[in-house]
Amino acid sequence: MPKAPQNRFLREVAQELARFDQKKQWEFCCPTCLNYYSIESKDITEEHIIPESRGGKTTTFLCKSCNSFFGGKQTRCLSDWIEINEGKAPFHQDPKKQKTTLKSGKLKISGHLSIGEQKQLIFHADKNRSNPTDYSAFSRGENISSVTITTKIPVFENEQRLRVGFLTAAYGLWFKHFGYSFVFQSIYNIVRQQIMCPDEDIASWNFLIYNDLGRSINPTLGFMRFDVDYFPVAQIYDHIVILPNSKMRHPATTSFEKVSVKALELGEPIADRLQHRSIGPAVVLCDFQEIICPDFFKNTTVPPQIIWIDGW
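This report concerns the structure included in the present document. Just so you know, these numbers come straight off a predicted model, no measurement behind them.

Quick look at the sheet that holds strand S15 (residues 289-292)
The strand order across the open sheet formed by 3 strands is S15-S14-S16, and the pairing between neighbours is mixed. The strands lining the two open edges of the sheet, one partner per strand, are S15 and strand S16 (305-309). When strand polarity is set aside, the average angle formed by the axes of neighbouring strands in this sheet is 35 degrees. Of the pairings in the sheet, the one linking strand S14 (residues 282-286) to S15 comprises 3 bridges and is antiparallel in character. Within S15, the position partnered with Val-284 by the bridge is Ile-292.

What follows is the structure, encoded as structure tokens:
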């Protein structure tokens, strides 16, 4: 039998999994791919829900494969989105992330942009990425008349990956706080499929709403009421992500006046901890509606408990 992990937070994850299935004692189930790993495995990694490079501190656990895959796709797009919104210009500050071209007549020069002290736009020619003849002519000021500068920002060319980046972060946040009770719901199979295939439009409903109340590096949980139906939501930076409840993938169309949001206050003792998964199995109700109801196991090691959350 594997030993209990030294990381007490990962130990909590394993303990909760055993509450669903005693045979899985001291194992870890990746919340996105649903593959099982020995709790001692080096394939279990800690993941920042909002990228650490952008100031995110809230973490959860994933398998190494998923963590690496997301980092090269949807999480990278989310990181780029935050970087641009937090920056002083509508483009990346890192020249390596820019694809900028200056054209003047027949001249074509590659380079990058920056903002000067007087808020002016500055083009920096890149000799190594430009045609040598064009670069020499440009340096001497030859054949320069009208100038056109174009720049490509990869994140805006990967809108689908960016959408899935927000979805992935929201899913990870709910897993962090409600553990396998949240993950072990068959209604989330399509969400997991979308997360694992970020370039495809699988969860095609509108699960992303721009939050015009502001932005925050600290992600938060909450509920959204659409007329009489409640759905779990998460604020991820400057968007609200709407997740399925235990019965419905997405809310029905309703008027703006019948929509409201309530933040879920977890309290300082809980918010300060990395994990607090020892609550499952659990059914979460809000105003007597099922928000979370795990259905992967007909019989669990520990009978499900009911968690009541007041509506409004």
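Text resumes after the structure shown.
Regarding the side chain of Gln-74
Along the chain, Gln-74 turns up in helix H3 (residues 74-86). Of note is the side chain of Gln-74, whose polar atom sits 3.2 Å from the side chain of Thr-168. Of the polar contacts made by the side chain of Gln-74, one reaches the backbone oxygen of Ile-195; its length is 2.9 Å. The contact partners of Gln-74, leaving out residues within four places of it in the chain, are Phe-69, Arg-161, Val-164, Gly-165, Thr-168, Ile-195 and Pro-198.

Here's the deal with unusual backbone geometry
Even without being glycine, Asp-227 reaches a positive phi, approximately 60 degrees. Position of Asp-227 among the secondary structure elements: in the loop between strand S10 (216-226) and strand S11 (229-237). Positive phi, close to 70 degrees, is recorded for Phe-288, a residue that is not glycine. Considering the arrangement of structural elements, one finds Phe-288 in the loop between S14 and S15.

Each value, and the rule that gives it
Residues numbered from 1 in each chain as written. Predicted model: local features only at pLDDT ≥ 70, side-chain atom pairs only at ≥ 80, totals over all residues. Heavy atoms only, no water. Pairing = 2+ DSSP bridges. Helix = DSSP H or I, 4+ residues; strand = E, 2+ residues; numbered from the N terminus. Axes fitted to C-alpha atoms, helices over the stretch in contact; angles between N-to-C directions. Polar contact = N/O pair within 3.5 Å; in protein donor to acceptor, adjacent residues only side chain to side chain. Contact = heavy atoms within 4.5 Å.

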